[in-house]
Amino acid sequence: MAKTTFVCQSCGSTTHKWSGHCDACDSWNTIIEEKAEAPASGAKGAALPRGRVARLVDLKGESPAPPRITSGVAELDRVTGGGFVPGSAVLIGGDPGIGKSTLLLQALAALGGKGERVIYVTGEEAIAQVRLRAARLGLADAPVLLAAETNVSDIIATLNEGDVPSVVVIDSVQTLWSPVIDAAPGTVSQLKAGSEALVRFAKSKGACVLLVGHVTKDGQIAGPKVIEHLVDTVLYFEGDRGHQFRILRAVKNRFGPTDEIGVFEMSDGGLQEVTNPSRLFMGQAERAAPGTAVFAGIEGTRPLLVEVQALVSPSALGTPRRTAVGWDGTRLAMILAVLEARAGVTLSNHDVYLNVAGGLRLREPAADLAVAAALLSSLSDSVIPHGTVLFGEIALSGAIRPVGQTEPRLKEAQKLGLDHAVLADQGEKAVKSSLAVKQVATVADLVAWVASRSKGLRRIA
Ligand code: TYD
Ligand code: MG
């Protein structure tokens, strides 16, 4: 008899009774009733059957690099670590409408053009809609095979017919429906069962299966997180709907580096690769204005220059506003506290807004210095000199700590025509760069440096 369990649609944790709140992931109204798969007959209490002895081998040994299927879309190949691996499963998650279907249709068209057998299985759109999109993208003649199917058995049967495909896209896993599971499509049980079957197909036949998963906010359908462990590679497609930039980010990769990003621009003709993302995220940095600072970050293996913008204005509110877009709000609060405690810069009676240009999300603590400089620049109404790049981590003590990969950061700044750099005191280590380098040891040093550029309109400390 099938047992009933209660499954959180956001994180997949199970409980024995219904609750409005999931204790595991702290989300509300995400727990729904699902019938657990019936255990194999006699499983409970029965002795395990006698097993087969596996061969033990030494850790040392030959391990040839996996073969790769390159799409020719350089930004995509970079994120996967040099192309898709046959026999692997890749999850591509992202908000609805961010451009997952567009990206994958373009990738399949590129692969099909290279003679690979590629199949696009759509469960969300009708064939006509996919054809319409292909036409818009100028890919109407691309050798891509289409199927509109949601039943997992039918999909597997279709894929098993004829030559083994190189790459298969399933758009999306949330529409998958397995006839042996007694639950609605979009539930955790259905999502897991469908994905497992497709991952098994990938492993057994040597095809690369790309699973599209919508990130869900309200828990009405299960999110892609619940199948992350099943797949070899997890990519997330991110971006701000208001901006045209999209970032493909690897968060798990059994065959390559993680944290690598690919940058695309959404245009009328689909996604275009952005080969020089620094130029894009530097915004209008050419026209230096108070409150802007340029940060040299590292995304994966690639340096990236980004403009950080701050607005500091006297607050009319008892509790001043603090808003950060593209940067961690807690980290912003910490920097404000350090500036106040270690450099005597009073910001507690000011509203503070922070924004990272282009809709990018910064995760590196190395951006602290640029954030602090942008804040000080806005507060003092002074301009950080045009062509200056900043990076360094701020400690609670007010010390500025050096960060890794100084050279590639400086090199990228040089490549984009910047000529000054402000960074942490490097101690004994000499900084090899053609940029004029200013080293600051504490936030007080940074305040003094910004103040020396201030037109004297407002005093900061
Ligand atoms: P889509 O790939 O359908 O998103 P997802 O599969 O992640 O839900 O992309 C949807 C958005 O992209 C839609 O709002 C329109 C926009 N778009 C363009 O701007 N240009 C294009 O050429 C295409 C095909 C889509
Ligand atoms: Mg889609």
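Above this note sits the structure.
Residues numbered from 1 in each chain as written. Chains lettered and ligands numbered in written order. Predicted model: local features only at pLDDT ≥ 70, side-chain atom pairs only at ≥ 80, totals over all residues. Heavy atoms only, no water.

Trainee: How should the overall build of the chain be read in this particular structure?
Mentor: Within the chain, the secondary structure is distributed over ten helices and 21 strands. Summarising its shape, the C-alpha atoms of the chain cover approximately 80 × 55 × 55 Å along the three principal directions. Contacts in the chain between residues at least 24 apart in sequence constitute 67% of all its contacts with a sequence separation of at least 6. Of the roughly 22,100 Å² of accessible surface on the chain, 52% is carried by carbon and sulfur atoms. Distance between charge centres in the chain, computed from 47 positive and 47 negative side chains, equals 3 Å. (Helix = DSSP H or I, 4+ residues; strand = E, 2+ residues; numbered from the N terminus. Contact = heavy atoms within 4.5 Å. Areas by Shrake-Rupley, 256 points an atom, 1.4 Å probe, with all protein chains shown as cover. Lys, Arg positive; Asp, Glu negative; His and termini not counted. Charge placed at Lys NZ, Arg CZ, Asp CG, Glu CD.)

Trainee: Where do I start with the pairing of strand 11 (residues 261–267) in this structure?
Mentor: Relative to strand 11, strand 10 (residues 245–253) runs antiparallel, the two being bridged by five bridges. From the neighbouring strand, Leu 248 faces strand 11, where its bridge partner is Gly 262. Bridge analysis of strand 11 against strand 12 (residues 270–273) gives four bridges, and the strand direction is antiparallel. Among the inter-strand pairings, Glu 265 is bridged to a residue of strand 12, identified as Gln 272. Between strand 11 and strand 12, which pair antiparallel in sequence order, lie two residues. (Pairing = 2+ DSSP bridges.)

Trainee: Where do I start with the sheet that holds strand 2 (residues 14–15) in this structure?
Mentor: Read from one edge of the open sheet, three strands run 2-1-3, paired in antiparallel fashion. Both edges of this open sheet fall to strand 2 and strand 3 (31–35), since each of them pairs with a single strand only. Pairing between strand 1 (residues 4–8) and strand 2: two bridges, direction antiparallel. Opposite Val 7, over in strand 2, you have Thr 14 as the bridge partner.

Trainee: Hey, could you run me through the nonpolar core in this one?
Mentor: A general tendency of soluble globular proteins is for nonpolar side chains to be buried together. Counting 66 residues, the largest nonpolar core has Leu 339, Leu 375 and Leu 390 as its most contacted members. Among the elements that take part in this core, helix 8 (residues 368–380) stands out by supplying nine residues, more than any other. Residue assignment places this core across two domains, with domain 2 (74–275) and domain 3 (280–451) each supplying three or more. Every residue in contact with Leu 390, bar those within four places of it in the chain, is listed here: Ala 293, Val 294, Phe 295, Ala 296, Leu 369, Ala 370, Ala 373, Ile 384, Val 422, Leu 446 and Trp 449. Ile 98, Leu 104, Tyr 120 and Leu 137 belong to the second-largest nonpolar core, a separate cluster that totals 32 residues. (Core = buried A, V, L, I, M, F, W, Y, C linked by side-chain atoms within 4.5 Å. Buried < 20%, exposed > 50% of the residue type's maximum accessible area, 1.4 Å probe, protein only. Domains from an automatic or database assignment.)

Trainee: What should I look at first to understand the site of ligand 1 in this one?
Mentor: Around ligand 1, the structure places 17 residues, and the nearest of them are Gly 97, Ser 101, Thr 102, Arg 133 and Ser 267. Measuring from an oxygen atom of ligand 1, one finds a backbone N or O atom of Gly 97 at 2.7 Å. Here ligand 1 loses 76% of its free accessible area of 560 Å² to cover by the protein chains. Secondary-structure elements contributing two or more residues to the shell around ligand 1 are helix 2 (100–113), helix 3 (127–136) and strand 11. At three residues, the largest contribution of residues to the shell around ligand 1 is made by helix 2. Counted by class, the shell around ligand 1 contains four nonpolar, eight polar and five charged residues. (Near = heavy atom within 4 Å. Polar contact = N/O pair within 3.5 Å; in protein donor to acceptor, adjacent residues only side chain to side chain. Nonpolar A, V, L, I, M, F, W, Y, C, P; charged D, E, K, R; others polar.)

Trainee: Looking at this structure, how should I read empty space enclosed by the protein?
Mentor: Rolled over the atoms, a probe with the dimensions of a water molecule shows which regions are left empty. As enumerated under the stated definition, the model contains one cavity of 30 Å³ or more in all. Computed from the structure, the largest cavity encloses a volume of approximately 50 Å³. Taken together, the residues that form the lining of the largest cavity break down as four nonpolar, five polar and one charged. (1 Å grid on protein atoms, 1.4 Å probe; cavity = no way out; pocket = protein on both sides within 12 Å on 5 of 7 lines; lining within 4 Å. Points joined across faces, edges and corners; volume = space filled by probe spheres on them.)

Trainee: Quick question: what am I supposed to make of the packing of aromatic side chains here?
Mentor: Aromatic ring pairs are defined here through the distance separating the ring centres and the angle between the ring planes. A full pass over the atoms with the stated rule returns one aromatic pair. Ring centres of Phe 237 and Phe 264 lie 6.1 Å apart, and the angle between their planes is 80°; on these two criteria the pair is classed as edge-to-face. In this pair, Phe 237 sits in strand 9 (residues 233–239) while Phe 264 sits in strand 11, placing the two residues 27 residues apart along the sequence. Here Phe 237 falls in the buried class, since its relative accessible area comes to 2%. What makes Phe 264 buried here is its relative accessible area of 1%. (Phe/Tyr/Trp six-rings, centres within 6.5 Å; stacked < 30°, edge-to-face > 60°.)

Trainee: What exactly am I supposed to notice about the packing of helix 7 (residues 329–343) against helix 8 here?
Mentor: The relative placement of two packed helices is expressed as an angle between their axes plus a distance between the axes. The N-to-C vectors of helix 7 and helix 8 enclose an angle of 65°; their axes lie 11 Å apart at closest approach. In this structure, helix 7 crosses over helix 8, and the sense of that crossing is right-handed. Together, Arg 331, Leu 332, Ile 335, Leu 336 and Leu 339 of helix 7 and Asp 368, Val 371, Ala 372, Leu 375 and Leu 376 of helix 8 make up the contact between the two elements. Considered class by class, the residues forming the contact of helix 7 with helix 8 number eight nonpolar, no polar and two charged. (Axes fitted to C-alpha atoms, helices over the stretch in contact; angles between N-to-C directions. Left-handed = near helix turned anticlockwise from the far one by under 90°.)

Trainee: It is not clear to me how the sheet that holds strand 20 (residues 420–424) should be interpreted in this structure. Could you clarify?
Mentor: The mixed open sheet is built from seven strands, whose spatial order is 15-16-14-13-17-20-21. Of all the strands in the sheet, the pair left with one neighbour each is strand 15 (322–325) and strand 21 (436–440). Within the sheet, the average angular offset between the axes of one strand and its neighbour, ignoring direction, is 25°. Bridging between strand 17 (residues 388–391) and strand 20 involves four bridges; their strand directions are parallel. In the strand pairing of strand 20, Val 389 is matched with Ala 421. Sitting on the sheet, helix 7 is in contact with strand 15 and strand 16 (350–356), with an inclination near 125° to strand 15.

By themselves, these are just geometric observations and shouldn't be taken as functional.
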